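What the coordinates show
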Amino acid sequence: MAQKDQDCQEASSCSRSSCEGCPEHEKEAHGPQKFPQNPGSFVKHVIGVVSGKGGVGKSFVTASLANALVKAGHRVGILDADITGPSIPKMYGLTADQTRAVDEHTLLPVTTANGIKVMSLNLIIQDPEQAVIWRGPILGQVIQQFWSDVAWGQLDYLLVDMPPGTGDVPLTVFQSLPVDGIFIVTSPQDLVRMIVAKAWNMAQMMKIPVLGMIENYSYLKCPDCGKIIKVFGESHIDEVSKSTGLEVCGNIPINPDYAQLADEGRFAEMDVDFLDGALKKVESTLTV
Ligand SMILES: Nc1ncnc2c1ncn2[C@@H]1O[C@H](COP(=O)(O)OP(=O)(O)OP(=O)(O)O)[C@@H](O)[C@H]1O
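Residues numbered from 1 in each chain as written. Predicted model: local features only at pLDDT ≥ 70, side-chain atom pairs only at ≥ 80, totals over all residues.

**Focus on the overall build of the protein chain**
In terms of regular secondary structure, the protein chain is built from 10 helices and 12 strands. Looking at the protein chain residue by residue over its 288 residues, the buried ones come to 40%. Contacts spanning at least 24 positions in sequence make up 79% of the contacts within the protein chain whose residues lie at least 6 apart. (Helix = DSSP H or I, 4+ residues; strand = E, 2+ residues; numbered from the N terminus. Buried ≥ 20, exposed ≤ 12 C-beta atoms within 10 Å, placed from the backbone. Contact = placed C-beta atoms within 7 Å.)

See the structure below:
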């Protein structure tokens with residue numbers, strides 16, 4: 001071991017005049033290493049879709065944004081990092097028997113009917129109903145495989161559908177993938193301020209820009225009389241936007257037709273036209 005290394009480990013505060021070339025110093029200065037990109041991947045931008053808590057329709061928003069981006073002519077992928085509750089393959093009617101390997105170390109993503117490349121645990125394990133009860137380090141390894149062992153090909157945008165909250169997996173993704181920005185998904189309820197703050201604080205600590213907020217379940221339009229019903233009460237997202245400076249990039253209503261398309265695995269046919277703000281934000285901030 002080099003003398004400088006030894007000094008660093010033996011003394012709690014190093015007294016040497018220069019840290020140049022010391023691996024310990026390098027580690028501290030640059031943080032944890034990013035996972036290497038697969039040689040078959042050419043991903044221009046990585047966008048995280050996060051929520052401070054579960055049940056806000058985060059996967060639905062991820063897939064809707066992917067559809068909007070692909071419709072606008074971009075090359076899009078979805079990395080399903082919600083490993084213990086992966087729902088993206090089912091929404092697009094994708095199954096594990098469609099997954100192909102190039103060789104022992106390289107997997108190909110599965111492509112949806114509208115051209116989105118997807119990788120998810122449910123495209124690797126045969127039984128999608130199998131419970132995944134892995135601990136943090138294993139979950140982190142799966143994320144690494146989805147990034148380093150998958151040949152994503154040419155992509156303008158890779159959306160990462162994060163598990164809810166601020167646990168091990170979001171931390172791994174933020175630290176180890178080159179995330180360019182995140183969208184925070186919320187629903188209209190009183191807790192929204194705290195939920196956004198939690199996700200926002202995590203992103204700030206990781207020095208990752210927040211592109212904006214997207215509210216799901218904003219309202220329901222009565223199919224008979226057209227009346228707007230605020231199922232989850234009044235939205236607080238504009239107040240949060242004012243106090244944080246974060247842009248509201250979409251308000252998506254509850255629509256039973258959306259749920260039906262997702263349940264039937266026909267999400268590729270889905271056209272959510274409430275995400276123009278998010279689309280513009282992506283195209284203007286993360287140019288391709
Ligand atoms: N705006 C909407 N209108 C109708 N159905 C919706 C809407 N948003 C989500 N859903 C449906 O609600 C269910 C849950 O959505 P989704 O799987 O996206 O939740 P999630 O937030 O990712 O879950 P979790 O937070 O637990 O990971 C799905 O069946 C989805 O199709």
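On we go from here.
**Looking at the UniProt feature "binding site: ATP" (unreviewed entry) in the protein chain**
The UniProt record marks Gly52, Lys53, Gly54, Gly55, Val56, Gly57, Lys58 and Ser59 with the feature "binding site: ATP" (unreviewed entry), using the residue numbering of this structure. Position of Lys53 relative to the elements: it lies in the loop between strand 1 (41-50) and helix 3 (58-71). Leaving out residues up to four positions away in the same chain, Lys53 has contacts with Pro164, Gly165 and Ile195. Relative to the helices and strands, Ser59 is located in helix 3. (UniProt positions renumbered as here; feature names shortened; annotations may be inferred.)

**Points about the environment of Asp156**
Along the polypeptide, Asp156 turns up in strand 7 (residues 153-161). Given 21 C-beta atoms within 10 Å, Asp156 falls into the buried group. When the C-alpha positions of Asp156 and Leu286 are compared, they lie 9.2 Å apart, and in sequence the two are 130 residues distant. In this structure Asp156 touches Lys44, His45, His74, Arg75, Val76 and Val288, once residues within four positions along its chain are discounted.

**Describing the sheet that holds strand 8 (residues 179-186)**
With respect to topology, 8 strands assemble into an open sheet ordered 5-6-2-7-1-8-9-12, the strand pairing being mixed. Bordering the open sheet on either side are strand 5 (110-111) and strand 12 (248-251), each of which pairs with just one other strand. Pairing between strand 1 and strand 8: 5 bridges, direction parallel. Residue pairing in the sheet places Val46 in a bridge with Val179 of strand 8. Packed on one face of the sheet, helix 3 meets strand 1, strand 2 (76-80), strand 7, strand 8 and strand 9 (210-215) and runs near 155° to strand 7. (Pairing = 2+ DSSP bridges. Axes fitted to C-alpha atoms, helices over the stretch in contact; angles between N-to-C directions.)

**Digging into the nonpolar core**
The biggest cluster of nonpolar side chains holds 73 residues, and the ones touching the most others in it are Leu159, Val160, Ile182 and Phe183. For this core, the element with the most residues is helix 3, which contributes 8 residues. Those residues in contact with Phe183, other than ones at most four positions away along the chain, are Ile47, Val49, Leu211, Gly212, Ile214, Cys249 and Ala278. (Core = buried A, V, L, I, M, F, W, Y, C linked by C-beta atoms within 7 Å.)

**Regarding the site of the ligand**
In the vicinity of the ligand there are 20 residues, among which Gly57, Ser59, Phe60, Ala259 and Ala262 approach most closely. A per-class count over the shell around the ligand returns 9 nonpolar, 9 polar and 2 charged. (Near = placed C-beta within 6 Å. Nonpolar A, V, L, I, M, F, W, Y, C, P; charged D, E, K, R; others polar.)

**Topic: the confidence of the model for the protein chain**
Mean pLDDT over the protein chain: 86, with 85% of residues reaching 70 or higher. Within the protein chain, no element has a lower average pLDDT than helix 1 (residues 3-10), which sits at 45, and none a higher one than strand 5, at 98. Note that pLDDT drops below 50 for residues 1-12; the model gives that stretch 11 contacts with residues more than four away or on any other chain. Across residues 24-30 the pLDDT falls below 50, and counting only partners more than four positions away or on other chains, this stretch makes 3 contacts in the model. (pLDDT = per-residue confidence, 0-100.)

**A closer look at the pairing of strand 2**
For strand 2, a buried count of 5 out of 5 residues is recorded, marking the element as mostly surrounded by other parts of the structure. In this sheet, strand 6 (residues 117-119) lies alongside strand 2 in parallel orientation, the contact comprising 3 bridges. Of the residues in strand 6, the one forming a bridge with Gly77 is Lys117.

**Description of the pairing of strand 1**
Across the 10 residues of strand 1, 7 count as buried, placing the element largely inside the fold. Of the strand pairs in this sheet, strand 1 and strand 7 are connected by 8 bridges, and their pairing is parallel. Its bridge partner being in strand 7, Gly48 is matched across the sheet by Val160.

**Comments concerning the environment of Ile237**
By the secondary structure assignment, Ile237 is in helix 8 (residues 237-244). Owing to 21 C-beta atoms within 10 Å, Ile237 belongs among the buried residues under this scheme. Other than its neighbours up to four places away in sequence, Ile237 contacts Thr186, Pro188, Val192, Met213, Glu215 and Val248.

**Looking at helix 10 (residues 276-285)**
Listed in full, the buried residues belonging to helix 10 are Ala278, Lys281 and Val282. Buried residues of helix 10, viewed axially, fall in a sector of 95°; they line one side. Contacts from the buried residues of helix 10 go to strand 1, helix 3, strand 7, strand 8, strand 9 and strand 12. (Arc of directions from axis to C-beta.)

**Focus on the packing of helix 7 (residues 192-205) against helix 8**
How two helices sit against one another is set out by the angle between their axes and by the gap between those axes. Running from N to C, helix 7 and helix 8 cross one another at 45°; their axes reach a closest spacing of 10 Å. With respect to their mutual orientation, helix 7 and helix 8 come out oblique. In this structure, helix 7 meets helix 8 at a crossing whose hand is right-handed. Note on element contacts: helix 8 touches helix 7 through Ile237, Val240 and Thr244, opposite Val192, Arg193, Val196 and Trp200. Of the residues in the contact of helix 7 with helix 8, the class split is 5 nonpolar, 1 polar and 1 charged. (Parallel < 35°, antiparallel > 145°, perpendicular 65-115°, else oblique. Left-handed = near helix turned anticlockwise from the far one by under 90°.)

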